[in-house]
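# Notes for the structure review
Each chain, letter by letter, is given below.
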Amino acid sequence: MGAHYLDHMFHPRSVAVFGASERPDSVGARVFANLLAGGFSGSVYPVNPKHEKVQGQRCYRDISQIGAAVDLAVIATPARTVPGILQSCGTSGVCAAIVLSAGFEGAEGEGLRARLQEAARPYGMRVLGPNCLGLIRPGLGLNATFSQGSALPGDLALVSQSGALCTAILDWAAAREIGFSTVVSLGDAVDTDFGDLLDYLALDTETRGILLYVEGVNHARDFMSGLRAAARVKPVIVVKAGRQGAGSRAAQSHTGALVGADDVFDAALRRAGVVRAHTIEQLFAAAQLLASHHRIHGQRLAIVTNGGGPAVMAVDRAADVGLQLAELSPDTLAALDQLLPAHWPRANPVDILGDAGADRYREAVRLCLADPGIDGLLVMLTPQAMTDPPACAEAVAEATADQKKPVLACWMGEAHMKTARERLTDRHIPNFTFPEAAVEAFAYLASYQQNQQLLKQVPAPLVARSTPDISGARLIIESALAERRSELSGNEAKAILRAFDIPTNLAVAAHSPGEALVVAESIGFPVAMKIDSPDISHKSDVNGVRLHIDSAEAVRRTYQELVGSVARQRPGIRIHGVTIEAMYDKPHGRELLVGVLRDPAFGPIVTFGAGGTAVEVLRDRAVALPPLNRFVARDLIRQTRIYTLLQAFRHLPAANLDALEQVLLRVSEIVCELPEIREMDINPLIVDEHGALAVDARMAVAYHAPGPNRYGHMAVHPYPAHLVKQVQLSDGTDITLRPIRPEDAEIEQAFVRGLSAQTKYFRFMQSIKELSHEELIRLTQLDYHRGLALIATVREAGAEVEIGVARYAMNPDGESCEFALVVGDAWQRRGIGSRLMQALMEAARAQGFRRMEGEVLASNQPMLELVRKLGFRVRGSPDDPTVMQVNRLL
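Residues numbered from 1 in each chain as written. Predicted model: local features only at pLDDT ≥ 70, side-chain atom pairs only at ≥ 80, totals over all residues. Heavy atoms only, no water.

## Regarding unusual backbone geometry
Filter applied, for reference: Helix and strand assignments come from DSSP, with helices taken as H or I runs of at least 4 residues and strands as E runs of at least 2, each series counted from the N terminus. Only protein chains enter the accessibility calculation, which uses a 1.4 Å probe; a residue whose area is less than 20% of its type maximum is buried, one above 50% is exposed, and one in between is partly exposed.
In this model, Asn348 is joined to Pro349 through a cis peptide bond whose omega is 10°. Put simply, Phe525 and Pro526 share a cis peptide bond, and its omega is -5°. In this structure, Pro526 sits in the loop between α19 (513-523) and β22 (527-532). Residue Asn131 is not a glycine yet carries a positive backbone phi of 55°. For Asn131, the location among the structural elements is in the loop between β7 (126-128) and β8 (134-137). A residue is classified by how much of its surface remains accessible, and Asn131, at 33% relative accessible area, is partly exposed. The backbone phi angle of Asp501 is positive, close to 65°, even though this residue is not glycine. Mapped onto the fold, Asp501 is located in the loop between α18 (490-499) and β21 (507-510).

Following this line, the structure appears as structure tokens:
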């Protein structure tokens, strides 16, 4: 794998500053001074046609006069000059540029932005900005910003959409001696955006944790892909501004009106395995805690304290953030009884009383950490006359020296606590001044653990009673769009649900009282009658639903009342008549809502919560980014208040959660396969102990322009089920080619274990026995936006057996991919490798990659023969004569 495409920006050997000057109040003067003062070891060239010297350095009229290679251009000139400067940089071989200049706003600015992109694109030059603060790499002494100060060296990376906030955070962090590996201001992000920077920082060995300040997301797929890649290897913590803008979006559906963009952003972060903070202080607290590699396997918190009041504050905050207080085991209670005064409260929080000294702290902490029902411990101390804070800190450190469970400290106060906090910090015990902050920090550990589980979920194809009729559902939508309709009728919406195996009750249209009577008699009483109008989205808004109609006379009377009432309320609307359905009257049914909305940033979102006519009042909703699997669907259900009502209580049996999950999975599949659906409400979805039934449904549709990637409308790439194919070898053997799934870890391990030593060496270029757990995760849990593995399988003794695998992974340039191929020894030279590679190349081409490349051992003649037949160019590696480099255009 070659150098990352942002290496010239983050590791430049030389920098040219356009607009460098002697004016102390100018941006160019400040950034040039910062580069000189930072200790950067590379060359720094000022470029300004108005000066012969700038700050004692020779100044150049333009870049062509420098006469040496320049890796990075920093531009601080008027906006109108920037495209021309980028053009000259491109012709001089500059690979990266930081545009600090403002003035790219408004109509004129739009044109300048377009010219900026056009100037950089032909040369493959990556641009940060415009209108940004720049970037700092403290470890390199590189300060390419116009800030008043720099950053201390450290291992946290900060990426911010706000330059002003960057300067404030740097000032705040310097006072607390917090250091950074990287500080980046994105600005307008016309080229380099969050996804690019996350991709780089995920591989950056100087960075142990990543902090993001986000105001908006422009490219959701790249943002999510970058987040997920980074979060697999290091903690990512996010602060987002504009949390209270949720209510501004107008939408026709109940779903759209009740779910704000901030809910969607939360769901995106959960799915990406990252943690969200809400203040700058929380951002750094979470970062320091997670970067210290403290991890939990549950969220049962115990508290040891020498004061009751602060403990109550901690308990209150724990309830606020959804943490569970641990219940002390009988053994722990008995041991604490022997240690503590007789009047201790015998509960969690463990109040060891105000006269507690270092010995009492040491033993109480040791006993609590030994309790298997405790996942983490918060130790609190308030300064009292008999308290020795530093000694107690030492005692806590001694008791936790060999512990894997996280221990947090809260030494309350300032003047008397400085030495104690220093000792806790030296022993790598996270410590806080106030109980609320300490509890929130533990909550970040819990969130991180939960979100990391969500990150690992890669939905597989559904195992269903029947195959979804995707083509039939699409024809229904196409017919509506051909009639210039943006809303499907209730029957059309239910037909699509049935095409995806979601149970619905049958509704029959009637256009007169007589027809209504015939339909009702055919269905059987009692029935429900609903107004049938393409101009009404929600029938309850016009009182357009009548239930429990139980006689022929009532059917005809209700028909006239419904049509007449709606016509009076909405004069001029189209009324086709009514629809008639059998009454679904189950005594144990719960009314739920499952919906879909289209978020402007993250695309389609699945929603779940309480349903019925009071959805606006209940406002009980949770959202998740599709695609879903059972784990993600169950997590979505548990986030709602109505989840508790789905359990057994009083006279009601528990609702059938398996049936509910199946509906959510099918809705997820609808979202994946039908990008034309803009909004959907299934309300109510009635679930009881026997199953689920969609009683009413609404769908809004719009034309979707097809693209090369069939899942381009989604922020998270789903399992590419369309790549599954059945093929037959020349000897008649049937094999399946399909993308790998997370649950294939076992057959992948067995496949590698069964390879001969030579085949393993040809594939991995080293001697291995079998794959480690981490390697199995990496090879089977894929982000399909960045990589793909196609496996060939056969059925043996009723079980699926892997016989070959071909995979590609996106290179850092974002345009090419690296491939690998291996076929089981017993199956070689039977055409499997050729079939896998052809399918892999087709998939890579459809994903937008331009080139595929790889490395093959020179001694692996069968592989070299295969790739030549497939059109790859083969040449020797300049670095290793035992390796051949192969590549071809796609």
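## Section: helix α14 (residues 389-399)
Each turn of an α-helix holds 3.6 residues, which means side chains three or four residues apart point in the same direction. Put simply, the rule is: We call two residues in contact when some of their heavy atoms are within 4.5 Å.
Counted residue by residue, α14 has 8 buried out of 11 residues, so it is predominantly covered. Taken together, the buried positions of α14 are Pro389, Pro390, Cys392, Ala393, Ala395, Val396, Ala397 and Ala399. Elements in contact with the buried residues of α14: α13 (358-369), β18 (376-381), β19 (407-411) and α15 (418-426).

## A few points about the packing of aromatic side chains
The geometry of an aromatic ring pair is captured by two quantities: the separation of the ring centres and the angle between the planes. To keep things clear, this is the line we draw: Stacked, tilted and edge-to-face are the three classes assigned to paired rings of Phe, Tyr and Trp, where Trp is represented by its six-membered ring and a pair needs centres within 6.5 Å; plane angles under 30 degrees give stacked, over 60 edge-to-face, the rest tilted.
Here the structure, examined in full by the defined rule, presents 10 aromatic pairs. Their ring planes at 15° and their centres at 4.5 Å tell us that Phe10 and Tyr200 sit as a pair that is stacked. Taken together, the residues span a long stretch of sequence, with Phe10 in helix α1 (residues 7-10) and Tyr200 in helix α6 (residues 194-203) at a distance of 190 residues. Owing to a relative accessible area of 0%, Phe10 belongs among the buried residues under this scheme. According to the relative accessible area criterion, Tyr200 is buried, its value standing at 5%.

## As for the environment of Asp316
Take Asp316: it is sitting in helix α11 (residues 308-320). Classification of Asp316 by relative accessible area gives partly exposed; the value is 46%. On a C-alpha basis, the gap between Asp316 and Gln403 in space is 27 Å, while along the polypeptide they are 87 residues apart.

## Considering the confidence of the model for the chain
The cut-off we apply is this: What pLDDT reports is the predictor's confidence in each residue, on a scale of 0 through 100.
This prediction gives the chain a mean pLDDT of 89; 95% of its residues lie at or above 70. In this model, residues 245-260 is a region of pLDDT below 50 whose contacts with residues beyond four sequence positions or in other chains number 44 contacts.

## Let's talk about the sheet that holds strand β1 (residues 14-18)
As a reminder, the rule being used: Should DSSP find at least two bridges between two strands, the strands are taken to pair. As a rule, the C-alpha atoms of each element are fitted with a line to give its axis, helices using only the stretch in contact, and angles between N-to-C directions run from 0 to 180 degrees.
Overall, parallel pairing links the 5 strands, which are arranged β2-β1-β5-β6-β7 in an open sheet. Looking at which strands have only one partner, the edges of the open sheet turn out to be β2 (43-47) and β7. Neighbour to neighbour, the strand axes of the sheet diverge by 20° on average, direction disregarded. The pairing of β1 with strand β5 (residues 72-75) spans 4 bridges and is parallel. Each bridged residue has a counterpart across the sheet, and for Ala16 the counterpart in β5 is Ala73.

## Examining the nonpolar core
How we decide: The set of buried Ala, Val, Leu, Ile, Met, Phe, Trp, Tyr and Cys residues whose side-chain atoms join them within 4.5 Å is what this entry labels a nonpolar core.
Formed by 62 residues in total, the largest nonpolar core has its most connected members in Leu212, Phe602 and Leu625. With residues up to four places along the chain from it excluded, the contact list for Leu212 reads Val159, Phe194, Leu198, Phe223, Leu227, Val236, Ile237, Val238, Val239 and Leu283.

## Re the sheet that holds strand β24 (residues 577-582)
One open sheet accounts for 4 strands, arranged β21-β24-β22-β23; its pairing is antiparallel. Each edge of the open sheet carries a strand with a single partner, namely β21 and β23 (545-549). Here the average twist between neighbouring strands, direction ignored, is 25°.

## A closer look at the pattern of salt bridges
Our working definition: Within this document, salt bridges are pairs made up of a side-chain nitrogen of Lys or Arg and a carboxyl oxygen of Asp or Glu, the two lying within 4 Å of each other.
Taken as a whole, this structure holds 45 salt bridges when the rule is applied. With a shortest N-O distance of 3.1 Å, Asp204 and Arg137 are connected by a salt bridge. With Asp204 in the loop between α6 and β12 (209-214) and Arg137 in strand β8, this pair connects stretches of sequence that are 67 residues apart. Comparing Asp204 with Arg137 shows no difference in burial state: the two are buried.

## Overview of the pairing of strand β35 (residues 816-823)
Test applied: If the strands point away from the viewer and the path from the first strand over the helix to the second runs clockwise, then the crossover is right-handed.
Counted residue by residue, β35 has 7 buried out of 8 residues, so it is predominantly covered. Where strand β34 (residues 799-810) and β35 come together, 7 bridges link them in antiparallel fashion. Residue pairing across strands places Gly804 opposite Val823, the latter belonging to β35. Two elements, β35 and strand β36 (residues 851-857), share 3 bridges in a ladder whose sense is parallel. Residue pairing in the sheet places Ser816 in a bridge with Arg851 of β36. In terms of handedness, the path from β35 via helix α27 (residues 832-846) over to β36 forms a crossover that is right-handed.

## A word on the side chain of Glu802
The condition that has to hold: Two residue types count as positive, namely Lys and Arg, and two as negative, namely Asp and Glu; His and chain ends fall outside the count.
Relative to the helices and strands, Glu802 is located in strand β34. No salt bridge forms around the buried Glu802; measuring N to O, its nearest opposite-charge neighbour Arg807 is 6.1 Å away. When neighbours within four sequence positions are excluded, Glu802 is seen to be in contact with Ile747, Glu748, Phe751, Ile791, Ala792 and Thr793.

## Details of the packing of α11 against helix α16 (residues 435-455)
Condition: For classification, angles of less than 35 degrees are called roughly parallel, those exceeding 145 degrees roughly antiparallel, those between 65 and 115 degrees roughly perpendicular, and all remaining angles oblique. Helix crossings get a hand from a simple test, with the near helix turned counterclockwise from the far one by less than a right angle marking a left-handed crossing and a clockwise turn marking a right-handed one. The residue classification treats Ala, Val, Leu, Ile, Met, Phe, Trp, Tyr, Cys and Pro as nonpolar and Asp, Glu, Lys and Arg as charged. All others, Gly included, are polar.
Packing of α11 against α16 leaves a shortest axis separation of 8 Å and a crossing angle of 40°. Here α16 runs oblique to α11, going by the angle between their axes. Between α11 and α16 the crossing geometry is right-handed. Taking contact as the criterion, the partners of Pro310, Met313, Ala314, Arg317 and Ala318 in α11 are, on α16, Pro435, Glu436, Val439 and Glu440. Here the contact of α11 with α16 is built from residues that sort into 6 nonpolar, no polar and 3 charged.

## Comments concerning the pairing of β18
The element β18 is extensively covered by neighbouring structure, given that 6 of its 6 residues are classed as buried. With burial as the criterion, each face of β18 is covered, one bearing Gly376, Leu378 and Met380 and the other bearing Leu377, Val379 and Leu381. The sheet contact formed by strand β15 (residues 300-305) and β18 spans 4 bridges and is parallel. Within the sheet, the bridge partner assigned to Ile303 lies in β18 and is Leu378. Bridging between β18 and β19 involves 5 bridges; their strand directions are parallel. Bridge assignment links Val379 to a residue of β19, and that residue is Ala409. Handedness of the β18-α14-β19 crossover: right-handed.

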